[in-house]
There are 2 protein chains.
Amino acid sequence: MTARKGHFVDGYLAALLAQASHLISTEFHSIVRRHGLSVSEWRILATLSDGESISIGRLAQITLNKQPTLTRLLDRMQKRAQVQRVPHGLDRRITLVCITPAGLRTVSQLIRLAKKHEQRVLEPFGLARAEQLKTTLRRMIELHRSPAVERDSRARKS
Amino acid sequence: MTARKGHFVDGYLAALLAQASHLISTEFHSIVRRHGLSVSEWRILATLSDGESISIGRLAQITLNKQPTLTRLLDRMQKRAQVQRVPHGLDRRITLVCITPAGLRTVSQLIRLAKKHEQRVLEPFGLARAEQLKTTLRRMIELHRSPAVERDSRARKS
DNA sequence: TGCCGATATATGCAAAATCATGGATCGCAC
DNA sequence: GTGCGATCCATGATTTTGCATATATCGGCA
């Protein structure tokens, strides 16, 4: 434990979530670095790995980046030909982003490794408990996602 | 949901943890800001709120900051008389940090608000499920905390 | 049509975070 | 004691981030 029993932060949900998220992510990030990606770049490519194009704003929400930060990351990744900006056909304010074949090759390896890593992380808890954890997290995310995103998610389903 | 069903990131534990952590924390952080603190400052003060002194390195781990970042944050907070640096009696490499009465006053209010916020977040899940979530997270943290910290945590108790 | 508020992305600049490293101290072998 | 690798915190230099705002486009309405 974090020593000091009964201390506020030891039982505070936000602290537990942040700590767990940080520890689990950090473990995998050393692997990500070895493949030449930063953490944000990995998140971006993983999000795009299904081949669908997606707006910059929405990508920012999913990858937990501010929009200006993401714009600059995309600039760099586009120079490396990992992603590509594509104009939206109907709304010219929107810039869509999609992954390139090169980006996909890179991220595919990492996704395989990520799945293995996840399996190792969840193994001590058993399948049932692991699924339960994920379900709880998904429900929590659903409950706290901003209304704008929900609308967006429903409206733009291809 | 995040649209696109069956997509890797929708079921990836690290992504779920990061999203949930981000959403829950962000909600409360608007309140934190209103009390004149940055997010990191809130984490630091909350960690110190039990009045115990703690080394800078350990504080960095708990608050998820890199050590140089924390040093600068502490500089600022010390100028505002929210925290205080205290030399370690036995090991002069170590600098301990503890909260000041002023810092404690600030953080006490926030802790009350944080508890209320947490209650609202967990309410839809019920007490049993909420406790189970926390238990799982704590165990996960325990399993992945670096060996150095475990040793530290046991060795330096009081 | 032309105007206006809203939305989506880009960018200038100041603040913040991070890497690499420095300086001090410690534990320990000899 | 002396030397040496390890540990802890501070700091200089650089990169990264994010706020505020600019630019472009949209939808609707007079």
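This text gives an overview of the structure that appears in the document. (Residues numbered from 1 in each chain as written. Chains lettered and ligands numbered in written order. Predicted model: local features only at pLDDT ≥ 70, side-chain atom pairs only at ≥ 80, totals over all residues. Heavy atoms only, no water.)

What follows deals with the overall build of chain A. When its secondary structure is counted, chain A shows eight helices and three strands. Reading chain A from its N end, one meets helices and strands in the order α-α-α-β-α-α-β-β-α-α-α. In chain A, which comprises 158 residues, the proportion classed as buried is 49%. Considering only contacts within chain A whose residues lie at least 6 apart along the sequence, 50% involve residues at least 24 apart. (Helix = DSSP H or I, 4+ residues; strand = E, 2+ residues; numbered from the N terminus. Buried < 20%, exposed > 50% of the residue type's maximum accessible area, 1.4 Å probe, protein only. Contact = heavy atoms within 4.5 Å.)

Among the 21 residues in the neighbourhood of DNA strand C, the closest are listed as Gly57, Gln67, Thr71 and Arg85 of chain A together with Arg72 of chain B. Restricting attention to atoms of DNA strand C within 4 Å of the protein, one finds that 60% of them are sugar or phosphate atoms. The contact in question runs from a phosphate oxygen of DNA strand C to an N or O atom on the side chain of Arg85 of chain A, over 2.7 Å. For the surface near DNA strand C, the elements supplying multiple residues, two or more each, are α4 (56-63) and α5 (67-79) of chain A together with α5 (67-79) of chain B. Residue classes in the surface near DNA strand C are distributed as five nonpolar, six polar and 10 charged. (Near = heavy atom within 4 Å. Polar contact = N/O pair within 3.5 Å; in protein donor to acceptor, adjacent residues only side chain to side chain. Nonpolar A, V, L, I, M, F, W, Y, C, P; charged D, E, K, R; others polar.)

Between the first and last C-alpha of helix α7 (residues 126-144) of chain A there are 27 Å, a value that for 19 residues agrees with the 27 Å anticipated at 1.5 Å per step. Of the residues making up α7 of chain A, those classed as buried are Ala130, Leu133, Lys134, Thr136, Leu137, Met140, Ile141 and His144 of chain A. In an axial view of α7 of chain A, the angular spread of the buried residues amounts to 160 degrees, which keeps them on one side of the axis. Turned more than 90 degrees away from the buried face of α7 of chain A, the exposed residues are Leu127 and Ala128 of chain A. On its buried side, α7 of chain A packs onto α2 (13-34) and α6 (101-122) of chain A together with α1 (8-11), α2 (13-34), α6 (101-122) and α7 (127-144) of chain B. (Expected span 1.5 Å × (residues − 1). Arc of directions from axis to C-beta.)

Let's shift gears to the pairing of strand β3 (residues 95-99) of chain A. For a regular strand, side-chain orientation follows a simple rule: the groups alternate between the two sheet faces. Residues and elements named next belong to chain A. A large share of β3 lies buried, amounting to four of its five residues. Alignment of strand β1 (residues 54-55) against β3, held across two bridges, turns out to be antiparallel. Directly across from Ser55, in β3, lies its bridge partner Leu96. As paired elements, strand β2 (residues 83-87) and β3 share five bridges and run antiparallel to each other. Across the sheet, Val86 pairs through a bridge with Leu96, a residue of β3. (Pairing = 2+ DSSP bridges.)

Below, the discussion takes up the side chain of His117 of chain A. All names here are of chain A. Inspection of the secondary structure puts His117 in helix α6. Overall, the relative accessible area of 6% leaves His117 in the buried class. There is a polar contact of 2.8 Å between the side chain of His117 and the side chain of Glu27. If we skip the residues at most four places from it in the chain, His117 touches Ile24, Glu27 and Phe28.

Running from N to C, α7 of chain A and α2 of chain B point in directions that differ by 40 degrees, and their axes come no closer than 9 Å. The angle between α7 of chain A and α2 of chain B places the two elements in the oblique class. For the crossing formed where α7 of chain A meets α2 of chain B, the hand is left-handed. Seen from α7 of chain A, the contacting residues are Leu133, Lys134, Leu137, Arg138, Met140, Ile141 and His144 of chain A; seen from α2 of chain B, they are Leu13, Leu16, Leu17, Gln19, Ala20, Leu23, Ile24 and Glu27 of chain B. Residue composition of the contact of α7 of chain A with α2 of chain B, by class: 10 nonpolar, two polar and three charged. (Axes fitted to C-alpha atoms, helices over the stretch in contact; angles between N-to-C directions. Parallel < 35°, antiparallel > 145°, perpendicular 65-115°, else oblique. Left-handed = near helix turned anticlockwise from the far one by under 90°.)

Another aspect to go through is the relation of the copies chain A and chain B. Each copy superposes on the other: chain A lies on chain B with an RMSD of 0.1 Å after a rotation of 180 degrees and an axial shift of 0.0 Å. The two molecules are tied by a two-fold rotation axis, judged by turn and shift. Comparing contact sets, 100% of the residues at the interface of chain A also lie at the interface in chain B, consistent with an isologous, same-surface contact. (Least-squares fit on C-alpha atoms with pLDDT ≥ 70 in both.)

The full set close to DNA strand D counts 21 residues, and Arg72 and Arg93 of chain A together with Gly57, Thr71 and Arg85 of chain B are the nearest of them. For DNA strand D, a base oxygen lies 2.6 Å from a polar atom in the side chain of Arg72 of chain A. Here a phosphate oxygen of DNA strand D and a side-chain polar atom of Arg85 of chain B are 2.6 Å apart. If you list the elements that add at least two residues to the surface near DNA strand D, you get α5 of chain A together with α4 (56-62) and α5 of chain B. Of the residues that constitute the surface near DNA strand D, the class distribution is five nonpolar, six polar and 10 charged.

This part covers the environment of Arg80 of chain A. Residue and element names in this part refer to chain A. Considering the arrangement of structural elements, one finds Arg80 in the loop between α5 and β2. Along the primary structure Arg80 and Thr106 are separated by 26 residues, whereas in three dimensions their C-alpha atoms are 12 Å apart. Those residues in contact with Arg80, other than ones at most four positions away along the chain, are Gly36 and Glu41.

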